[in-house]
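Breakdown of the fold
Listed below, chain by chain, are the residues.
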Amino acid sequence: IGDDVDTHHCVDDRPMSTRQCATLAMGTPCDDSEPATTGDMCVSDADDATCTGTVVIVADVIFPIAADDVQLPAEGEDIDSSPAALAIKAGLAMVLASNFGPGITIVILSISTGSLAVHYTVQVPVAESMEVSTITAAKESARNSLAANLSVSFPAAEGAPDVVIPAGDALVTPFKTYAFVRIGGVCPP
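As a starting point, this report considers the structure included with it. Just so it is clear, the model here is predicted, and its values are computed rather than measured.

What counts as what
- Residues numbered from 1 in each chain as written.
- Predicted model: local features only at pLDDT ≥ 70, side-chain atom pairs only at ≥ 80, totals over all residues.
- Heavy atoms only, no water.
- Axes fitted to C-alpha atoms, helices over the stretch in contact; angles between N-to-C directions.
- Helix = DSSP H or I, 4+ residues; strand = E, 2+ residues; numbered from the N terminus.
- Parallel < 35°, antiparallel > 145°, perpendicular 65-115°, else oblique.
- Left-handed = near helix turned anticlockwise from the far one by under 90°.
- Contact = heavy atoms within 4.5 Å.
- Nonpolar A, V, L, I, M, F, W, Y, C, P; charged D, E, K, R; others polar.
- Phe/Tyr/Trp six-rings, centres within 6.5 Å; stacked < 30°, edge-to-face > 60°.
- Buried < 20%, exposed > 50% of the residue type's maximum accessible area, 1.4 Å probe, protein only.
- Core = buried A, V, L, I, M, F, W, Y, C linked by side-chain atoms within 4.5 Å.

1. Describing the packing of helix H1 (residues 83-100) against helix H2 (residues 132-149)
Across the interface, H1 lies against H2 with an axial gap of 9 Å and an inter-helix angle of 150 degrees. Here H1 lies roughly antiparallel to H2, going by the angle between them. Both H1 and H2 take part in a crossing whose hand is right-handed. From H1, Leu92, Val95, Leu96, Asn99 and Phe100 reach across to H2, where they touch Ile135, Ala138, Lys139, Ser141, Ala142, Ser145, Leu146 and Asn149. Classifying every residue of the contact of H1 with H2 gives eight nonpolar, four polar and one charged.

2. Comments concerning the packing of aromatic side chains
Enumeration over the complete set of coordinates arrives at two aromatic pairs. Each ring, one from Phe63 and one from Phe154, has its centre 5.1 Å from the other, and the planes form 80 degrees; the classification is edge-to-face. Separated by 91 residues along the polypeptide, Phe63 in strand E2 (residues 51-66) and Phe154 in strand E5 (residues 152-154) bring together distant segments of the chain. In this structure Phe63 comes out as buried when scored by relative accessible area, which is 0%. Phe154 gets classed as buried once you look at its relative accessible area, which sits at 0%.

3. Points about the nonpolar core
Counting 40 residues, the largest nonpolar core has Phe63, Phe100, Tyr120 and Phe154 as the members making the most contacts within it. Elements with a contribution of two residues or more to this core: E2, H1, strand E3 (105-112), strand E4 (115-125), H2, E5 and strand E6 (163-165). It is H1 that provides the largest number of residues to this core, a total of eight residues.

Okay, here's the thing in C-alpha cells:
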C-alpha cells in the first residue's frame, strides 16, 4: 500500500514491506539466476549461504572395438554402475578433472553396440573457482584433451583378457550443454 492511499477503511495494521527470513537449509532448491545451470540449491546452512547450480555437459565417445569383446551391462542391469561404465567413467574422470575440477560427476546414460558408443553427461558444479563462463570456455579444450588422452581398459567378456583402448583411439563428439529453465506462465486477460 502506497503512502498516498487512504487507509482508514483497512481492518488491520499496515503490513510490513520487508521482513527477515530464516536461512534456507543446505540442499533446499533455489534459483541462482544463471540460465546455464540446473539443479540449483543452497550450498550451506550459514547466514551468507549461496545458491548455486550445476552445468550439465552431454557428449558421446565411440571406441573402435566390437561390443562382443567387452563385458556389457546385462539386460535390466543399471548401466551407470556396470563394470564397463565404471571403466569408462574412470578414464573420462582422469582427463576431465584437469579441465573441470575434481568435483565433477560423470553419468553413463547408454552404451550402444556396433562400435562401442557411449552417451554420457558430465555434471560440473559451479563454484567461485569454476564460474559458468570458465566451464563454457573449457568445453573445447576438454574435448581435445579427451580425444588425445582418453585410455580405457574394458573388462572383457567371458574371462578373456581386458580390452585396452590406447590414448588417441576414441572418437569424441562435441560437448553440448543443457539446462532447464522455468518460465512462469502468463494467463490471457
